[in-house]
Amino acid sequence: CVGCVWLFVGFKNEGLLKDCHWLDPKTFSSINSINVFPNGDLETICELAGVERKIFCKELKQFAGQFESFQPSMTSESKLNEYSINDSEDKDNTELVDCDKCNKCIACAYIIIKELSFHSNSFHNLFTVYKYVLLLPSTQVTCEGYFLN
């Protein structure tokens, strides 16, 4: 659809996908082994989510270093299908997170960050970016559905 082409071209899809790669818990070991993120990385996602890159990078590096210690709280038997991601108070703009608590996906990392941000103000920018990424339409079908409404 024309809107999808504009969405992906207009928002620097390549940079966005490259930035999302850093949010995957499978890359946290790489984050722990670097001192500074490469120039240009995480700029697109920070700009789109409206957070300052320097602060976001600091929070992501800290979270990546502590991620293993947060995992035991996520190992109970129930599924994570009751967690929702809201862009606002609007119930029509809610997505459910459905995961078997693998502790290896972006959704699991989001839930940990959400719990941490409710208890303190730490990881506020990280929470904002994960929430933004999980609300992005990821298929043409999703995008077309928004334009048909």
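Residues numbered from 1 in each chain as written. Predicted model: local features only at pLDDT ≥ 70, side-chain atom pairs only at ≥ 80, totals over all residues. Heavy atoms only, no water.

Focus on the overall build of the protein
Phase 1 of the analysis: Within the protein, the regular secondary structure consists of eight helices and two strands.
Phase 2 of the analysis: Order of helices (α) and strands (β) in the protein, N terminus to C terminus: α-α-α-α-α-β-β-α-α-α.
Phase 3 of the analysis: Sequence-distant contacts, at least 24 apart, represent 61% of the contacts inside the protein between residues at least 6 apart.
Phase 4 of the analysis: Total accessible area on the protein is roughly 9100 Å²; 53% of this is exposed by carbon and sulfur atoms. (Helix = DSSP H or I, 4+ residues; strand = E, 2+ residues; numbered from the N terminus. Contact = heavy atoms within 4.5 Å. Areas by Shrake-Rupley, 256 points an atom, 1.4 Å probe, with all protein chains shown as cover.)

So, the pattern of salt bridges
Phase 1 of the analysis: Enumeration according to the criterion identifies one salt bridge in this entry.
Phase 2 of the analysis: Here Asp-41 ties to Lys-18 by a salt bridge, and the two come within 3.2 Å at their closest N and O atoms. Taken together, the positions of Asp-41 in the loop between helix H3 (28-32) and helix H4 (43-49) and Lys-18 in helix H2 (residues 13-21) put the pair 23 residues apart, joining distant regions of the chain.
Phase 3 of the analysis: Residue classification places Asp-41 among the buried positions, given a relative accessible area of 5%.
Phase 4 of the analysis: What makes Lys-18 partly exposed here is its relative accessible area of 47%. (Salt bridge = Lys/Arg side-chain N within 4 Å of Asp/Glu carboxyl O. Buried < 20%, exposed > 50% of the residue type's maximum accessible area, 1.4 Å probe, protein only.)

Structural notes on the packing of helix H5 (residues 53-70) against helix H7 (residues 124-135)
Phase 1 of the analysis: Relative to each other, H5 and H7 sit at 90 degrees, their axes nearing to 8 Å. Relative to H7, the element H5 lies roughly perpendicular. Between H5 and H7, the residues in contact are Ile-55, Phe-56, Glu-59, Leu-60 and Phe-63 and His-124, Asn-125, Leu-126, Val-129 and Tyr-130, respectively.
Phase 2 of the analysis: Residues belonging to the contact of H5 with H7 are distributed by class as follows: seven nonpolar, two polar and one charged. (Axes fitted to C-alpha atoms, helices over the stretch in contact; angles between N-to-C directions. Parallel < 35°, antiparallel > 145°, perpendicular 65-115°, else oblique. Nonpolar A, V, L, I, M, F, W, Y, C, P; charged D, E, K, R; others polar.)

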